[in-house]
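Tertiary structure, described
Listed below are the residues making up each chain.
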Amino acid sequence: MPVLNNAQQRAVAELLRVSPVADELGRRFASAGHELHLVGGSVRDALLDSLGDDLDFCTDARPEQTLAVVSGWADAIWETGREFGTIGIQKNGLRIEITTFRAEAYDGVTRNPVVAYGTSLLDDLSRRDFTINAMAVSVPGHEFTDPFGGLNDLASRTIRTPSTPESSFGDDPLRMLRAARFAAKLRFTVDPAVVTAMRDMATDLDRITAERIRDEFTKLMCAADPITGLRLLVDTGLADRFLPEISGLKLEIDEHAQHKDVYEHTLIVVQNAMRLEDGDEPDFVLRMAALMHDVGKPATKAVGRDGRVSFHHHEVVGARLTKQRMKAMRYPKDVTTEVVGLVGLHLRFYGYGRGEWTDSAVRRYVTDAGPLLTRLHRLTRSDVTTRNRRKASQLAADYDALEDRIARIAAEEDLAKVRPDLDGNAIMELLGVPPGPIVGQAWRFLKELRLDRGPLDRDEAEAELFKWARDQGHIS
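Below is a summary of the structure that appears in this document. (Residues numbered from 1 in each chain as written. Predicted model: local features only at pLDDT ≥ 70, side-chain atom pairs only at ≥ 80, totals over all residues. Heavy atoms only, no water.)

Before going further, it helps to spend a moment on the overall build of the chain. When helices and strands are tallied, the chain shows 24 helices and 13 strands. Expressed as a percentage of the 476 residues in the chain, the buried residues total 51%. Here the chain has roughly 22700 Å² of accessible surface; of this, 47% comes from carbon and sulfur atoms. (Helix = DSSP H or I, 4+ residues; strand = E, 2+ residues; numbered from the N terminus. Buried < 20%, exposed > 50% of the residue type's maximum accessible area, 1.4 Å probe, protein only. Areas by Shrake-Rupley, 256 points an atom, 1.4 Å probe, with all protein chains shown as cover.)

The 7 strands lie next to each other as 3-4-5-2-1-8-9, forming an open sheet whose pairing is mixed. In this open sheet, the two strands that pair with only one neighbour each are strand 3 (76–78) and strand 9 (144–145). Direction of pairing for strand 4 (residues 86–91) relative to strand 5 (residues 94–100): antiparallel, over a ladder of 6 bridges. Residue pairing for strand 5: Gly88 is matched across the bridge by Glu97. Seen against the sheet, helix 4 (residues 63–70) touches strand 2 (54–59), strand 3, strand 4 and strand 5 and runs at an angle of roughly 15° to strand 4. (Pairing = 2+ DSSP bridges. Contact = heavy atoms within 4.5 Å. Axes fitted to C-alpha atoms, helices over the stretch in contact; angles between N-to-C directions.)

Judged by nonpolar contacts, the single largest core of 91 residues is most densely connected at Met198, Phe217, Leu233, Phe242, Ile246, Leu291 and Tyr365. In this view, Tyr365 contacts Arg348, Phe349, Trp357, Leu373, Leu376, Thr380, Tyr399, Leu402 and Ile406; residues no more than four positions away in its chain are not counted. Listed in part, the 22 residues of the second largest apolar core include Phe57, Ala61, Leu67 and Ile87. (Core = buried A, V, L, I, M, F, W, Y, C linked by side-chain atoms within 4.5 Å.)

As a further point, take the side chain of Asp124. Among the structural elements, Asp124 can be located in helix 5 (residues 121–126). At 2.9 Å, the side chain of Asp124 forms a polar contact with the backbone nitrogen of Arg102. Setting aside residues no more than four positions away along its own chain, Asp124 makes contact with Val39, Cys58, Thr100, Phe101 and Arg102. (Polar contact = N/O pair within 3.5 Å; in protein donor to acceptor, adjacent residues only side chain to side chain.)

The next point concerns the environment of Ala290. As for its position among the elements, Ala290 is in helix 15 (residues 284–292). On a C-alpha basis, the gap between Ala290 and Gln271 in space is 8.8 Å, while along the polypeptide they are 19 residues apart.

We now examine the packing of aromatic side chains. Following the criterion strictly, the structure yields 5 aromatic pairs and no others. Relative to Phe242, the ring of Phe217 has its centre 5.6 Å away and its plane inclined at 70°; by these criteria the two rings are edge-to-face. Taken together, the positions of Phe217 in helix 10 (residues 210–221) and Phe242 in helix 12 (residues 239–242) put the pair 25 residues apart, joining distant regions of the chain. The same class applies to Phe217 and to Phe242, which are both buried. Considering the side-chain rings of Phe445 and Trp468, the 5.8 Å spacing of their centres and the 20° angle between planes classify their relative orientation as stacked. Here the residue Phe445 occupies a position in helix 23 (residues 437–453), and Trp468 occupies one in helix 24 (residues 458–471), the gap between them amounting to 23 residues. (Phe/Tyr/Trp six-rings, centres within 6.5 Å; stacked < 30°, edge-to-face > 60°.)

Here the focus is helix 11 (residues 226–236). With respect to burial, helix 11 is a largely interior element, 8 of its 11 residues being buried. Listed as buried for helix 11 are Pro226, Ile227, Gly229, Leu230, Leu232, Leu233, Val234 and Thr236. Immediately beyond the C-terminal end of helix 11, within one or two residues, lies Gly237, with a positive phi of roughly 85°.

Before going further, it helps to spend a moment on the packing of helix 19 (residues 359–369) against helix 20 (residues 373–382). Pairs of packed helices are described in terms of their axes, by the angle between the two and the distance that separates them. Contact pair helix 19 / helix 20: the axes reach a minimum separation of 8 Å and the direction vectors enclose 110°. By the angle between their directions, the pair helix 19 and helix 20 is classed as roughly perpendicular. Only Leu373, Leu376 and Thr380 of helix 20 make contact with helix 19, whose side of the interface consists of Tyr365, Val366 and Ala369. (Parallel < 35°, antiparallel > 145°, perpendicular 65-115°, else oblique.)

Before going further, it helps to examine the environment of Arg44. When you line up the elements, Arg44 lands in helix 3 (residues 41–47). On the accessibility criterion, Arg44 (4% relative accessible area) is buried. Expressed as a C-alpha distance, the spacing of Arg44 and Ala136, which sit 92 residues apart in the sequence, is 9.0 Å. Not counting chain neighbours up to four residues away, the residues in contact with Arg44 comprise Ile132, Asn133, Met135, Leu154, Phe182, Lys185 and Leu186.

With that settled, the discussion passes to the environment of Thr100. Note that Thr100 resides in strand 5. Take Thr100: its relative accessible area is 1%, and that puts it in the buried class. Taking the C-alpha atoms as reference points, Thr100 and Leu121, separated by 21 residues in sequence, lie 9.7 Å from one another. If near-sequence neighbours (up to four positions away) are discounted, Thr100 is found in contact with Thr59, Asp60, Ala61, Arg62, Pro63, Gly85, Tyr117 and Asp124.

Attention now moves to unusual backbone geometry. Omega for the peptide link from Val139 to Pro140 comes to 5°, which places this bond in the cis form. Tracing the backbone shows Pro140 in the loop between strand 8 (136–138) and strand 9. Its identity as a non-glycine residue notwithstanding, Arg187 has a phi of 60°, on the positive side. Mapped onto the elements of the fold, Arg187 is located in the loop between helix 8 (174–186) and strand 11 (189–190).

What follows is about the packing of helix 10 against helix 15. In the contact formed by helix 10 and helix 15, the axes pass within 10 Å of each other and the chain directions differ by 95°. Judged by the inter-axis angle, helix 10 sits roughly perpendicular to helix 15. Contacts from Phe217, Thr218 and Met221 in helix 10 reach Phe284, Arg287, Met288 and Leu291 in helix 15. Partitioned by chemical class, the residues of the contact of helix 10 with helix 15 number 5 nonpolar, 1 polar and 1 charged. (Nonpolar A, V, L, I, M, F, W, Y, C, P; charged D, E, K, R; others polar.)

Turning our eyes to something else, we now look at the pairing of strand 4. Regular strands have side chains that alternate between both faces of the sheet. Of all 6 residues in strand 4, 5 are buried; the element is thus mostly enclosed. Here 3 bridges tie strand 3 to strand 4, and the two strands are oriented antiparallel to one another. By the bridge assignment, Trp78 is partnered in strand 4 with Gly88.

Here helix 18 (residues 333–345) spans 18 Å end to end across 13 residues, near enough to the 18 Å set by a 1.5 Å rise per residue. Taken together, the buried positions of helix 18 are occupied by Val335, Thr336, Val339, Val340, Leu342, Val343 and Leu345. (Expected span 1.5 Å × (residues − 1).)

Within this structure, the stated rule accounts for 22 salt bridges. Of the charged contacts in the structure, one is a salt bridge between Asp45 and Arg44, with a shortest N-O distance of 3.0 Å. The class for Asp45 is buried, based on a relative accessible area of 17%. Linking Arg375 and Glu338 is a salt bridge whose minimum nitrogen-to-oxygen distance equals 3.8 Å. On the criterion of sequence distance, the pair formed by Arg375 in helix 20 and Glu338 in helix 18 is long-range, its members being 37 residues apart. Three or more residues joined by partner-sharing salt bridges are found here, namely Asp129, Arg178, Arg181 and Glu216. (Salt bridge = Lys/Arg side-chain N within 4 Å of Asp/Glu carboxyl O.)

Shown next as structure tokens:
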């Protein structure tokens, strides 16, 4: 057992901030003849002085035995993880998961875990992903267990596996992606041997389900330093297995057609977007849109006669590629729609500074963005990565002017709810037509008119409707 220094002793004391509950729970298990240990991420986070209210325990008790111990004591119990050996409870505001010692096996095809119960704490810790997650503190005894040097790896800020990386990743290839996620979350360095194994075994990730990859990648993107994780995914070839568009941003730059490195530009845009987030919670939709906003460039790259590089309509191609990729990764439709919408709109602002936008164009910008407008503001500002200070200042001033103009028009009109000046009932009454395609066509015509000219009074709206109906042959 390692000798704890003062700082580590304080960390264990912080871990046991919850000791009234943890120790009481431990005594209940001991009375029933079972061990109980606070384990894994809870111990790691306590040592990093960031322990939350979600606590993980492990025990030699089987799920049915755990239920017998906590029944009547816990404020709430849930059994959704019972088939994996986990019983969840809530007590005094703490969310607690208690899992039977594991010695996991894998099915050899998808590499999804198949539960096999272990017989000891050491067995359980030895099958965990990284040494920093393979420490435990017993309750109520408070004995610290660290068989694989996790404490030292925390001190050196290193991500290392308890067994050889090849053995660990062979058990579950998702751990390679998890290494990148922890590097992003903790700002730790991944051990060189682990990086080598990630590179050599990258193709094994193909055996993992899209849903498991999606969940790990989402956590990586929402971490404190996703750029570190993204670089690791690209450098090891893991990104090629599930998000090849990002590696594809490394376009060749020939001596006659110099242009900025799209890959490096993209990583800067993600960082910029993070700085503009509002509140403490990471905005996955904004970060993902920043990551994907230029994925259409490789397919649209062209070099003109003057040697200039162009990417015409790359936002359209990028939106299509983003939709395909997020669908393949099994993201929910609403999340995909929001990210795709931002990618498709991210270039709309450019050209505003040339004075070509009418009030109609501003209305359309706001209407097309809809509830994404605030995120679109942030993404567009984040996309300015030029080192030319004069150009950057001008673009920022232009966008300030656009936001001011949006605010002015919004004060005069309800831009968030642009609707035709006549509703469907009024259209049917005025034209003498029943519900059907004509009403929808008239409604869309009036909405376009509303976007072009702003609010119309009733007489103007009716006159325009009758003129449209006559031109379309719907009335004489």
